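Remarks on the overall topology
Chain residues, written in single-letter form:
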There are 2 protein chains.
Amino acid sequence: MNQRGILIVVSGFSGSGKGTLMKELLKRYEQTYALSISATTRNPREGEADGREYFFKSKEEFEKMIAKEELIEYAKYVENYYGTPREYVEQQLEAGKDVILEIEIQGALKVKERFPDTLLLFVTPPTVEELHSRLVGRGTETPEVIASRMARAAEEAEGMDRYDYLIVNDNLDTCVRIMHEIIQGEHRRSSRNEEFIQNMKEALKRNVKGDE
Amino acid sequence: MNQRGILIVVSGFSGSGKGTLMKELLKRYEQTYALSISATTRNPREGEADGREYFFKSKEEFEKMIAKEELIEYAKYVENYYGTPREYVEQQLEAGKDVILEIEIQGALKVKERFPDTLLLFVTPPTVEELHSRLVGRGTETPEVIASRMARAAEEAEGMDRYDYLIVNDNLDTCVRIMHEIIQGEHRRSSRNEEFIQNMKEALKRNVKGDE
């Protein structure tokens, strides 16, 4: 069966619990998944290490990577670039790891366009009320920030149907398991096993000929 | 999430172990799945009960069902009709059961055409050698029958890529679990959850409006 890893993009509302979900998935199945590490031109924060949280690049280095098409996708927020270096992703896929990119919808759709085999997963709480109460529950955000997060969620929701699967995050433990099952199930898609099918067809033809 | 059942067609080579696999799946998850019961005009064999193994029909009754479009698909083998009554399938789907049809590729493709949401699963042994040795291993078939089964498999293999997923049957226990996971994962497809997405979009819009 399909041995090469699958490229997976995970997006989701702020407050969907996506971060915790990813951390748990990677911890529980560390042999199966690799998290893509982004490149950025922003300065490292305290405790961040180059090649662990991010690949830290100068503006010149980053623009050189863009020019040489070394990034799967990139975007500029305010003053800084963020992007996904292709090399690391390719290496992990070749090694049979399923590689997870945590990016937002614009980037997700760009990746899918360039690599149609990409699996798009969207993490959502079961209801809007739940989303709202999780944002409030953090206790760290002002009402203005919460309102702006909710407005952003409304925008993001417009793209939900462009994703392959919805991951409804109501219970962390169940959700991690289901997400893992969905990804592993995808490895069995016929479209991801053309070589297996081809070999099967040819071996069966040879067998029939041998019998004649 | 998606509450309605999924219509599933399972096909596979003779000797793929499909029969045992289905029996085990239905036993292990009897609340989740329902096996579609075919209608046929052939005579009941000893031990077969109407409405259990088959719905036994006269030729006239069967042709009336065809005329009234009460069959999802049907075919004629030698002298007898075999078909899938729509009513039972619809009832089970409505009740939230995933309904399994065990039919061959011609019927499978007809069902998919009429009901594009149908999930097509193809059961295959891991290798052609394994397929051959399972047919030999039964010890009940003449070399001619085995050769004709293998020739039939070569024909059937031509349609393998029309199926959504391959179920490689190397170990019964693992295979039953994987098949179950694939089907349950399918319930999370965005395309099967349009209502959930629509509700989410509308609730988020209302929330933003309420804030203004």
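One can find the structure itself at the top, above this paragraph.
None of these values were measured; they are calculated from a predicted model. (Residues numbered from 1 in each chain as written. Chains lettered and ligands numbered in written order. Predicted model: local features only at pLDDT ≥ 70, side-chain atom pairs only at ≥ 80, totals over all residues. Heavy atoms only, no water.)

1. Digging into the overall build of chain A
- Regarding its fold elements, chain A presents eight helices and nine strands.
- Judged by the C-alpha coordinates and their principal axes, chain A covers about 80 × 45 × 30 Å.
- The proportion of buried residues among the 212 residues of chain A is 46%.
- Sequence-distant contacts in chain A: of pairs separated by 6 or more residues, those separated by 24 or more amount to 68%.
- Counting every atom, chain A has about 11100 Å² of accessible surface; 46% of that belongs to carbon and sulfur.
- On chain A, the mean spot of the 31 positive side-chain charges and the mean spot of the 39 negative ones are 2 Å from each other. (Helix = DSSP H or I, 4+ residues; strand = E, 2+ residues; numbered from the N terminus. Buried < 20%, exposed > 50% of the residue type's maximum accessible area, 1.4 Å probe, protein only. Contact = heavy atoms within 4.5 Å. Areas by Shrake-Rupley, 256 points an atom, 1.4 Å probe, with all protein chains shown as cover. Lys, Arg positive; Asp, Glu negative; His and termini not counted. Charge placed at Lys NZ, Arg CZ, Asp CG, Glu CD.)

2. Some words on the packing of helix 1 (residues 18-28) of chain B against helix 7 (residues 172-186) of chain B
All names here are of chain B.
- With their axes 10 Å apart at the nearest point, helix 1 and helix 7 run at an angle of 65 degrees to one another. Two packed elements cross with a definite hand, and for helix 1 against helix 7 that hand is right-handed. In this structure, helix 1 uses Thr-20, Leu-21, Met-22, Glu-24, Leu-25 and Arg-28 to contact helix 7, whose residues at the interface are Leu-172, Asp-173, Cys-175, Val-176, Arg-177, Met-179 and His-180.
- Here the contact of helix 1 with helix 7 is built from residues that sort into seven nonpolar, two polar and four charged. (Axes fitted to C-alpha atoms, helices over the stretch in contact; angles between N-to-C directions. Left-handed = near helix turned anticlockwise from the far one by under 90°. Nonpolar A, V, L, I, M, F, W, Y, C, P; charged D, E, K, R; others polar.)

3. A word on the packing of helix 5 (residues 128-137) of chain A against helix 6 (residues 143-157) of chain A
Residue and element names in this part refer to chain A.
- Direction vectors running N to C along helix 5 and helix 6 enclose 145 degrees, while the axes themselves pass 10 Å from each other. Handedness of the helix 5/helix 6 crossing: right-handed. Here helix 5 contributes Val-128, Leu-131, His-132, Leu-135 and Val-136 to the contact with helix 6, which in turn contributes Ile-146, Arg-149, Met-150 and Ala-153.
- Broken down by class, the residue content of the contact of helix 5 with helix 6 amounts to seven nonpolar, one polar and one charged.

4. Quick look at the environment of A:Arg162
- With respect to the helices and strands, the residue A:Arg162 is situated in the loop between helix 6 and strand 9 (165-168).
- Between the alpha carbons of A:Arg162 and A:Leu35 there is a distance of 22 Å; along the sequence they are 127 residues apart.

5. Observations concerning the relation of the copies chain B and chain A
- When chain B is fitted onto chain A, the two copies agree to an RMSD of 0.0 Å after a turn of 180 degrees and an axial shift of 0.0 Å. Those values place the two copies in the arrangement expected of a two-fold rotation axis. Across chain B, the smallest distance between a C-alpha and the rotation axis is recorded for B:Glu181, namely 3.0 Å. (Least-squares fit on C-alpha atoms with pLDDT ≥ 70 in both.)

6. Section: the sheet that holds strand 1 (residues 7-12) of chain A
Residues and elements named next belong to chain A.
- In spatial order, the strands read 2-7-1-8-9; together these five strands make up an open sheet with parallel pairing. Where the open sheet ends on each side, the last strands, each with one partner, are strand 2 (33-35) and strand 9. This sheet shows a mean twist of 30 degrees between the axes of neighbouring strands, independent of strand direction.
- Of the pairings in the sheet, the one linking strand 1 to strand 7 (residues 98-102) comprises four bridges and is parallel in character. (Pairing = 2+ DSSP bridges.)

7. Section: the interface of chain B and chain A
- At the junction of the two partners, chain B supplies 42 residues and chain A supplies 42 residues.
- On the surface where chain B and chain A come into contact, there are six salt bridges.
- In this structure, A:Arg189 engages B:Glu186 in a salt bridge whose closest nitrogen and oxygen atoms are separated by 3.1 Å.
- The tally of links from chain B across to chain A stands at 13 residue pairs in polar contact (both at pLDDT 80 or more).
- Mapped by element, the contributors of at least two residues to the side of chain B that touches chain A are helix 5 (128-137), helix 6 (143-157), strand 9 (165-168), helix 7 and helix 8 (194-211) of chain B. (Salt bridge = Lys/Arg side-chain N within 4 Å of Asp/Glu carboxyl O. Polar contact = N/O pair within 3.5 Å; in protein donor to acceptor, adjacent residues only side chain to side chain.)

8. Here we look at the packing of aromatic side chains
- Per the counting criterion, the structure on display carries 20 aromatic pairs over all chains.
- Between B:Phe62 and B:Tyr74 the ring centres are 6.4 Å apart and the planes differ by 70 degrees, which places this aromatic pair in the edge-to-face class. On the criterion of sequence distance, the pair formed by B:Phe62 in helix 2 (residues 59-67) and B:Tyr74 in strand 5 (residues 71-77) is long-range, its members being twelve residues apart.
- Considering the side-chain rings of B:Phe122 and B:Tyr163, the 5.1 Å spacing of their centres and the 70 degrees angle between planes classify their relative orientation as edge-to-face. Taken as a pair, B:Phe122 in strand 8 (residues 119-124) and B:Tyr163 in the loop between helix 6 and strand 9 lie far apart in primary sequence, 41 residues in all. Of the two residues, B:Phe122 and B:Tyr163, neither departs from the other in class, the shared state being buried.
- One aromatic cluster in this structure is built from A:Tyr54, A:Phe56, A:Tyr77 and A:Tyr82.
- A cation over an aromatic ring shows up here: A:Lys76 above the ring of A:Tyr81, its NZ or CZ 4.9 Å from the ring centre. (Phe/Tyr/Trp six-rings, centres within 6.5 Å; stacked < 30°, edge-to-face > 60°. Lys NZ or Arg CZ within 6 Å of the ring centre and 35° of its normal.)

9. Thoughts on the pairing of strand 8 of chain B
All names here are of chain B.
- Counted residue by residue, strand 8 has six buried out of six residues, so it is predominantly covered.
- Because side chains alternate across strand 8, one face comprises the buried residues Leu-119, Leu-121 and Val-123, and the other comprises Leu-120, Phe-122 and Thr-124, equally buried.
- In this structure, strand 1 (residues 7-12) lies alongside strand 8, joined through five bridges in parallel fashion. Counted as the bridge partner of Ser-11 is Phe-122 from strand 8.
- Here four bridges tie strand 8 to strand 9, and the two strands are oriented parallel to one another. Its bridge partner lying in strand 9, Leu-121 is registered against Tyr-165.

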